[in-house]
Amino acid sequence: MPLDLSAIADQVAGTAIFHGITPEDTVAVLRCMRARVRTFEDGEAIFRMGEATSVFGLVLAGGVRIERTDAWGSVSVLGFVRAGEVFGESYACAPGTPLLVDALAAEQTAVLLLDVNCVLSICSERCPYHAKLISNLLATSARKNIGLSRRAFHTSPKSIRGKLLSYLSSEAARAGGRRFTIPFNRQQLADYLGVDRCALSTELTRMQRDGLLSTNRSEFELFTDGGNEA
């Protein structure tokens, strides 16, 4: 069945990558970028480490986990991509560059796949949206770099409590309140922070006992600003 580009344009209208582009021009962009939608099951690879890609993804529903696995099988979780956000754009814009990470569906996930070649080449039609699309891609990549810096802040404290306080404070700020849900289970959170899962669970129990937070699975509520141990 042919893709309904108008429906997809309406769905992505509020995303950063299409910011400032009219619905009519968005349809033209989707056509130019050979847009296609794929659904991935939980844990299924969208992009694999070591492969090159000329397309990047925009999450329509669900979420994508960015991971790196070393030669001994140890997994590092580098980030999470939510609905409305893009991933793989840096690799797509660097033709032939092998991915250093895996992009995996964190649940059943619908992804809009876009071919970046039309963005990298000079548009013969001098389309008014072309420059805006490039600007949006650059801004998105800049925000991704800031996100990687944010992870470095979370993993730099020496203690597990310090790492948790940094990460959970950041998530509370993102949510705009002290109650929030994180995109990781316990193992994934441990991998993201670079700590042992059992040690992380033990520290979370201590933090609940100390009145710093309450947690149920991926749901958290912060109670105080205390516990500044690093």
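Quick look at the structure, then. (Residues numbered from 1 in each chain as written. Predicted model: local features only at pLDDT ≥ 70, side-chain atom pairs only at ≥ 80, totals over all residues. Heavy atoms only, no water.)

## As for the pattern of salt bridges
Right, so step 1: Taken as a whole and judged by the stated rule, the model has 11 salt bridges.
Right, so step 2: Close ionic contact of glutamate 44 with arginine 38 constitutes a salt bridge, the shortest N to O distance being 3.9 Å.
Right, so step 3: We classify glutamate 44 as partly exposed; its relative accessible area is 29%.
Right, so step 4: With its nearest N and O atoms 2.5 Å apart, the salt bridge here joins glutamate 67 to arginine 65. Summarising the burial analysis for this pair, glutamate 67 and arginine 65 share the class buried.
Right, so step 5: It is possible to trace a salt-bridge network through shared partners that takes in Arg161, Glu203, Arg206, Arg209 and Asp210. (Salt bridge = Lys/Arg side-chain N within 4 Å of Asp/Glu carboxyl O. Buried < 20%, exposed > 50% of the residue type's maximum accessible area, 1.4 Å probe, protein only.)

## Here we look at the sheet that holds strand β1 (residues 36-40)
Right, so step 1: Within the open sheet, the four strands sit side by side as β1-β8-β3-β6. Their pairing is antiparallel. Each having just a single partner strand, β1 and β6 (86-87) make up the two edges of the open sheet.
Right, so step 2: Docked against the sheet, helix α1 (residues 5-12) engages β1, β3 (55-61) and β8 (109-115), running at close to 80° with respect to β3. (Pairing = 2+ DSSP bridges. Helix = DSSP H or I, 4+ residues; strand = E, 2+ residues; numbered from the N terminus. Contact = heavy atoms within 4.5 Å. Axes fitted to C-alpha atoms, helices over the stretch in contact; angles between N-to-C directions.)

## What about the packing of aromatic side chains?
Right, so step 1: Under the defined criterion, the tally for this structure stands at six aromatic pairs.
Right, so step 2: For the ring pair phenylalanine 47 and phenylalanine 87, a centre distance of 5.4 Å and an interplane angle of 50° mean the geometry is tilted. Of this pair, phenylalanine 47 sits in strand β2 (residues 45-47) while phenylalanine 87 sits in strand β6, and the two are 40 residues apart along the sequence.
Right, so step 3: For phenylalanine 87, a relative accessible area of 2% puts it in the buried group.
Right, so step 4: The ring of tyrosine 192 has arginine 151 lying over it, and the distance from NZ or CZ to the ring centre is 5.3 Å. (Phe/Tyr/Trp six-rings, centres within 6.5 Å; stacked < 30°, edge-to-face > 60°. Lys NZ or Arg CZ within 6 Å of the ring centre and 35° of its normal.)

## Considering helix α8 (residues 197-209)
Right, so step 1: Under the 1.5 Å per step criterion, the end-to-end length of α8 is 18 Å for 13 residues, consistent within 8% with the ideal 18 Å.
Right, so step 2: The complete set of buried residues in α8 reads Leu200, Glu203, Leu204 and Met207. Across the axial projection of α8, the buried residues extend over an arc of 105°, all falling on one side. Exposed residues on α8 whose side chains face more than 90 degrees from its buried face are Cys198, Thr205 and Arg209.
Right, so step 3: Residue aspartate 196 occupies the N-cap position of α8, its side-chain oxygen lying 3.0 Å from the main-chain nitrogen of cysteine 198. (Expected span 1.5 Å × (residues − 1). Arc of directions from axis to C-beta. Polar contact = N/O pair within 3.5 Å; in protein donor to acceptor, adjacent residues only side chain to side chain.)

## Examining the environment of leucine 114
Right, so step 1: Locating leucine 114 in the fold gives a position in strand β8.
Right, so step 2: Given a relative accessible area of 0%, leucine 114 falls into the buried group.
Right, so step 3: Along the primary structure leucine 114 and valine 55 are separated by 59 residues, whereas in three dimensions their C-alpha atoms are 5.2 Å apart.
Right, so step 4: In contact with leucine 114, not counting residues within four places along its chain, are Phe18, Leu30, Met33, Ala35, Ser54, Val55 and Phe56.

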